[in-house]
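Summary of the model geometry
Chain by chain, the residues run as shown.
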Amino acid sequence: MRKPLIAGNWKMFKSLDEVGTFADDFIPGVSDIKDTDILICPPYVYIQALAQACEGSPVMVGAQNVFWEDQGAYTAEISAPMLKSIGADYAILGHSERRQFFSETDETVNKRLFASLKADLVPIVCVGETLGQRESGKTFEVIGSQIRQGLKGLSTEMSATLVIAYEPVWAIGTGKTATPEIAQEVHAYIRKVITDLFGSQIAQGMRILYGGSVKGENIDALMAKDDIDGALVGGASLEAASFERILRFKG
Ligand code: 13P
């Protein structure tokens, strides 16, 4: 019922030449994949080139953030309509690195969410607890609050395309993946919060991705879990062969 989505978050990596080499290596190899949505979110400056390279292939392109105003005197910001106009279809919102290093809050995530939906970008809203929050038994409280505040004011109708990504902060870039059981427990909780907010039909259709040290060696066990509908992949999405292996998960 839920089509898996595997998304690569390239963060601040690659030169333009390296983007071209990746596209040449990766796109022909995955052109047969139909039953999983494939997404790559490169740095802003490569979105247009990558989207052009992906034309006619199943690979979609997204942004790693958006600003909430459409246009104006906001030096260095990039708006949702701008991103849409250069070929982006998705936008990652509220990534923990944005929260940690750039003062992103649930309130600003909420503004970016509405801007993305208005421009017809599919939002991927990221939530996740820190190690300290997990160890002090606050995981569900933190995740519940991030979802309720981040999605505040969203109508049931608008929530239909939304994607949530659960990325425990302690598992990002550390090589420490959450076990499939830990991830499943939080994903089931997220689906319950979404049920409370928007009803079971929306919750049952919503894709909830796991992110945090996903790689070829752990994707199958993660995808075998009922409430894990895909992955948001950092480091292992930077190399064509390792990302393709993840896309060809069994589970
Ligand atoms: P890693 O896969 O490198 O741990 O990064 C996860 C992530 O932050 C994806 O958004």
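Throughout what follows, the structure given in this document is the object of discussion. Computed from a predicted structure; not experimentally measured.

1. What about the overall build of the protein chain?
Secondary structure assignment for the protein chain yields 11 helices and eight strands. Since a compact globule built from 251 residues should have a radius of gyration of about 18 Å, the 17 Å found for the protein chain is in line with a globular shape. With respect to the three principal axes, the spread of C-alpha positions in the protein chain is 45 × 45 × 35 Å. Relative to its 251 residues, the protein chain shows a buried fraction of 52%. Looking at the protein chain alone, contacts between residues at least 24 apart form 73% of all its contacts between residues at least 6 apart. When the accessible surface of the protein chain is split by element, carbon and sulfur atoms take 53% of a total near 11,200 Å². Separation of charge centres in the protein chain, based on 24 positive and 32 negative side chains, amounts to 4 Å.

2. Overview of the pattern of salt bridges
Taken as a whole and judged by the stated rule, the model has 18 salt bridges. Ionic pairing is found between Arg99 and Asp106, a salt bridge with its closest N-O pair at 2.6 Å. Residue class for Asp106 comes out buried when judged on its relative accessible area of 15%. Arg191 is paired through a salt bridge with Asp229; the nearest N and O atoms lie 2.8 Å apart. Residue Arg191 is found in helix α8 (residues 180–198), and its partner Asp229 is found in the loop between α10 (219–223) and β8 (230–233); the two are separated by 38 residues along the sequence. In terms of burial, Arg191 and Asp229 fall into one category: buried. Linked by salt bridges that have partners in common, Arg2, Arg191, Asp227 and Asp229 make up one network.

3. Section: the site of the ligand
Neighbouring residues of the ligand: Asn9, Lys11, His95, Glu167, Ala171, Ile172, Gly173, Gly212, Ser213, Leu232, Gly234 and Gly235. Between an oxygen atom of the ligand and a main-chain N or O atom of Ser213, the distance comes to 2.8 Å. One of the backbone nitrogen or oxygen atoms of Gly234 is found 2.9 Å away from an oxygen atom of the ligand. Here the residues of the shell around the ligand are counted per class, giving three nonpolar, seven polar and two charged.

4. What to know about the pairing of strand β3 (residues 59–63)
Counting buried residues along β3, four of its five residues qualify, which places the element largely inside the surrounding structure. Bridging between strand β2 (residues 37–41) and β3 involves three bridges; their strand directions are parallel. Counterpart to Leu39 in the pairing with β3 is Met60. Note that the unit made of β2, helix α2 (residues 47–54) and β3 has a crossover that is right-handed.

5. Let's talk about the packing of aromatic side chains
Applying the stated criterion to the full structure yields eight aromatic pairs. Judged by centre distance (4.8 Å) and plane angle (80 degrees), the ring pair of Trp10 and Phe22 falls under edge-to-face. One end of the pair, Trp10, is in the loop between β1 (5–9) and α1 (16–30); the other, Phe22, is in helix α1, and 12 residues separate them in sequence. According to the relative accessible area criterion, Trp10 is buried, its value standing at 0%. With a centroid separation of 4.5 Å and an interplanar angle of 35 degrees, the aromatic rings of Phe67 and Trp68 are classed as tilted. Overall, the relative accessible area of 10% leaves Phe67 in the buried class. Owing to a relative accessible area of 23%, Trp68 belongs among the partly exposed residues under this scheme. By way of ring pairs, the aromatic residues Trp10, Phe22, Phe26 and Phe243 are connected into one cluster. Here the basic side chain of Lys14 rests over the ring of Trp10, its NZ or CZ set 5.0 Å away from the ring centre. Here the basic side chain of Arg98 rests over the ring of Phe102, its NZ or CZ set 4.0 Å away from the ring centre.

6. Quick notes on the nonpolar core
Core analysis: the biggest nonpolar cluster contains 66 residues, and Phe26, Leu151, Ile190 and Ile194 have the highest contact counts within it. In contact with Leu151, not counting residues within four places along its chain, are Asn110, Leu113, Val125, Leu162, Ile164, Ile194, Leu197 and Phe198. Formed by 13 residues, the second largest nonpolar core is a distinct cluster that contains Leu39, Ile92, Leu209 and Leu232.

7. Examining helix α7 (residues 139–150)
With 12 residues, α7 ought to run about 16 Å at 1.5 Å a step, and its terminal C-alpha atoms sit 16 Å apart, in line with that. Inspection of α7 places Thr139, Val142, Ile143, Gly144, Gln146, Ile147 and Gly150 among the buried residues, and these make up the whole buried set. Those residues of α7 that are buried are in contact with α4 (96–101), α5 (106–118), β5 (122–127), α6 (131–135), β6 (163–166) and α8.

8. Brief notes about α5
Between its terminal C-alpha atoms α5 stretches 18 Å, which fits the 18 Å expected from 13 residues at 1.5 Å a residue. Among all positions in α5, only Asp106, Thr108, Val109, Asn110, Arg112, Leu113, Ala115, Ser116 and Leu117 are buried. Buried residues along α5 sit in contact with α3 (80–85), β4 (90–93), α4, β5 and α7. A positive backbone phi angle near 65 degrees is found at Asp120, which sits one or two residues after α5.

Conventions used here
- Residues numbered from 1 in each chain as written.
- Predicted model: local features only at pLDDT ≥ 70, side-chain atom pairs only at ≥ 80, totals over all residues.
- Heavy atoms only, no water.
- Helix = DSSP H or I, 4+ residues; strand = E, 2+ residues; numbered from the N terminus.
- Rg over C-alpha atoms; globule rule 2.2 N^0.38 Å.
- Buried < 20%, exposed > 50% of the residue type's maximum accessible area, 1.4 Å probe, protein only.
- Contact = heavy atoms within 4.5 Å.
- Areas by Shrake-Rupley, 256 points an atom, 1.4 Å probe, with all protein chains shown as cover.
- Lys, Arg positive; Asp, Glu negative; His and termini not counted.
- Charge placed at Lys NZ, Arg CZ, Asp CG, Glu CD.
- Salt bridge = Lys/Arg side-chain N within 4 Å of Asp/Glu carboxyl O.
- Near = heavy atom within 4 Å.
- Polar contact = N/O pair within 3.5 Å; in protein donor to acceptor, adjacent residues only side chain to side chain.
- Nonpolar A, V, L, I, M, F, W, Y, C, P; charged D, E, K, R; others polar.
- Pairing = 2+ DSSP bridges.
- Right-handed = clockwise from strand over helix to strand, strands pointing away.
- Phe/Tyr/Trp six-rings, centres within 6.5 Å; stacked < 30°, edge-to-face > 60°.
- Lys NZ or Arg CZ within 6 Å of the ring centre and 35° of its normal.
- Core = buried A, V, L, I, M, F, W, Y, C linked by side-chain atoms within 4.5 Å.
- Expected span 1.5 Å × (residues − 1).

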